[in-house]
Amino acid sequence: MKKWLIPVIIIGLLVLGGYSWVKGFYNSTVQLNENVSESWGNVQTAYQRRSDLIGNLVNTVKGAADYEKQTLTSVIEARAKATSVTVDPTNITPEQLAKFNEVQGGLSGALKSLLVTVERYPDLKANQNFLKLQDELTSTENQILTARTRYNEAIKPFNNHVKTFPNNILAGFFNFEGKPYFDSEAGADKAPNVEFNFSDKE
């Protein structure tokens, strides 16, 4: 074998190995990123369902009670803020996620105030449409917690993949960056308590 063939073969093997590594890294990263996007889509779907239910709840309250205007207005405004904040899961930043969490938390607080005030209205507490919405909201809050947890579970393998050496070298080259986790707010581990005491004699 001619001596000049040996370096050529070595270089060829190095190029082939490098290509395989880059291809494997890129394809794996894309797949993991798609998992994150899918998980985020489930988070958004759960929050959208809650927003729709709150809209129906507001309409039910309007029609069934001479309600405190300020309480109702707070819910409507908080809902508008929550639906105005969107997040691109392919380019998500800690600031975007914090803002999303903030406005959703504001809506949760306004909703809790709304439900507490309902205690003053026995007719509304007995309204079947309201009771159905109450049950659906409780279920949806649990769905939100599940979706957020699964989103964080999808984030972990992606971050491990792009942050560990030597993958972090290629991650920087292809502009793949680690993604932030969804941090829970204080008390976010429990769905809002929307149970009412129907044994009271009105």
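Since we're looking at a predicted model, the values are computed, not measured. (Residues numbered from 1 in each chain as written. Predicted model: local features only at pLDDT ≥ 70, side-chain atom pairs only at ≥ 80, totals over all residues. Heavy atoms only, no water.)

## With respect to a nonpolar patch on the surface
A grouping of Ile-6, Ile-10 and Leu-14 is seen on the molecular surface, where their side chains present a nonpolar patch of about 300 Å² in accessible area. Among the structural elements, Ile-6 can be located in helix 1 (residues 5-64). Residue classification places Ile-6 among the partly exposed positions, given a relative accessible area of 45%. (Patch = residues over 30% accessible without salt bridge, like charges linked within 9 Å, V, L, I, M, F, W, Y side chains within 5 Å. Areas by Shrake-Rupley, 256 points an atom, 1.4 Å probe, with all protein chains shown as cover. Salt bridge = Lys/Arg side-chain N within 4 Å of Asp/Glu carboxyl O. Helix = DSSP H or I, 4+ residues; strand = E, 2+ residues; numbered from the N terminus. Buried < 20%, exposed > 50% of the residue type's maximum accessible area, 1.4 Å probe, protein only.)

## Some words on unusual backbone geometry
For the bond running from Phe-165 to Pro-166, omega is 5 degrees, close enough to zero to count as cis. Within the secondary structure, Pro-166 is located in the loop between helix 5 (128-163) and helix 6 (167-173). Phi angles above zero are rare outside glycine, and Asn-175 is one such case at about 60 degrees. Locating Asn-175 in the fold gives a position in the segment after helix 6.

## Some remarks on the nonpolar core
With 24 residues, the main nonpolar core has Val-36, Trp-40, Val-43, Tyr-47, Phe-100, Tyr-151 and Phe-182 as its most contacted residues. Put simply, the parts of the chain that give this core at least two residues each are helix 1, helix 3 (94-117), helix 5 and helix 6. Not counting the four nearest positions on each side in its chain, Val-36 is found in contact with Tyr-151, Ala-154, Ile-155, Phe-158 and Lys-179. Core analysis: the second largest hydrophobic core is formed by 20 residues, Leu-53, Leu-57, Leu-115 and Leu-137 among them. (Core = buried A, V, L, I, M, F, W, Y, C linked by side-chain atoms within 4.5 Å. Contact = heavy atoms within 4.5 Å.)

## Re the packing of helix 2 (residues 69-84) against helix 3
At their nearest, the axes of helix 2 and helix 3 sit 8 Å apart, and the two run at 155 degrees to each other. Considering the angle they form, helix 2 stands roughly antiparallel to helix 3. Judged by the twist between their axes, the crossing of helix 2 over helix 3 is left-handed. When helix 2 is examined against helix 3, the residues Thr-71, Leu-72, Ser-74, Val-75, Ala-78, Arg-79, Lys-81 and Ala-82 are found in contact with a partner set consisting of Val-103, Gln-104, Gly-106, Leu-107, Ala-110, Leu-111, Ser-113, Leu-114 and Thr-117. Residue classes in the contact of helix 2 with helix 3 are distributed as 9 nonpolar, 6 polar and 2 charged. (Axes fitted to C-alpha atoms, helices over the stretch in contact; angles between N-to-C directions. Parallel < 35°, antiparallel > 145°, perpendicular 65-115°, else oblique. Left-handed = near helix turned anticlockwise from the far one by under 90°. Nonpolar A, V, L, I, M, F, W, Y, C, P; charged D, E, K, R; others polar.)

## Things to note about the packing of aromatic side chains
A full pass over the atoms with the stated rule returns 12 aromatic pairs. Of the aromatic side chains, those joined through ring pairs into one cluster are Phe-25, Tyr-26, Phe-173, Phe-174 and Phe-176. When the ring centre of Phe-182 is taken as reference, the NZ or CZ atom of Arg-148 above it lies at 4.0 Å. Over the ring of Phe-158 we find Lys-179, and its NZ or CZ is 5.0 Å from the ring centre. (Phe/Tyr/Trp six-rings, centres within 6.5 Å; stacked < 30°, edge-to-face > 60°. Lys NZ or Arg CZ within 6 Å of the ring centre and 35° of its normal.)

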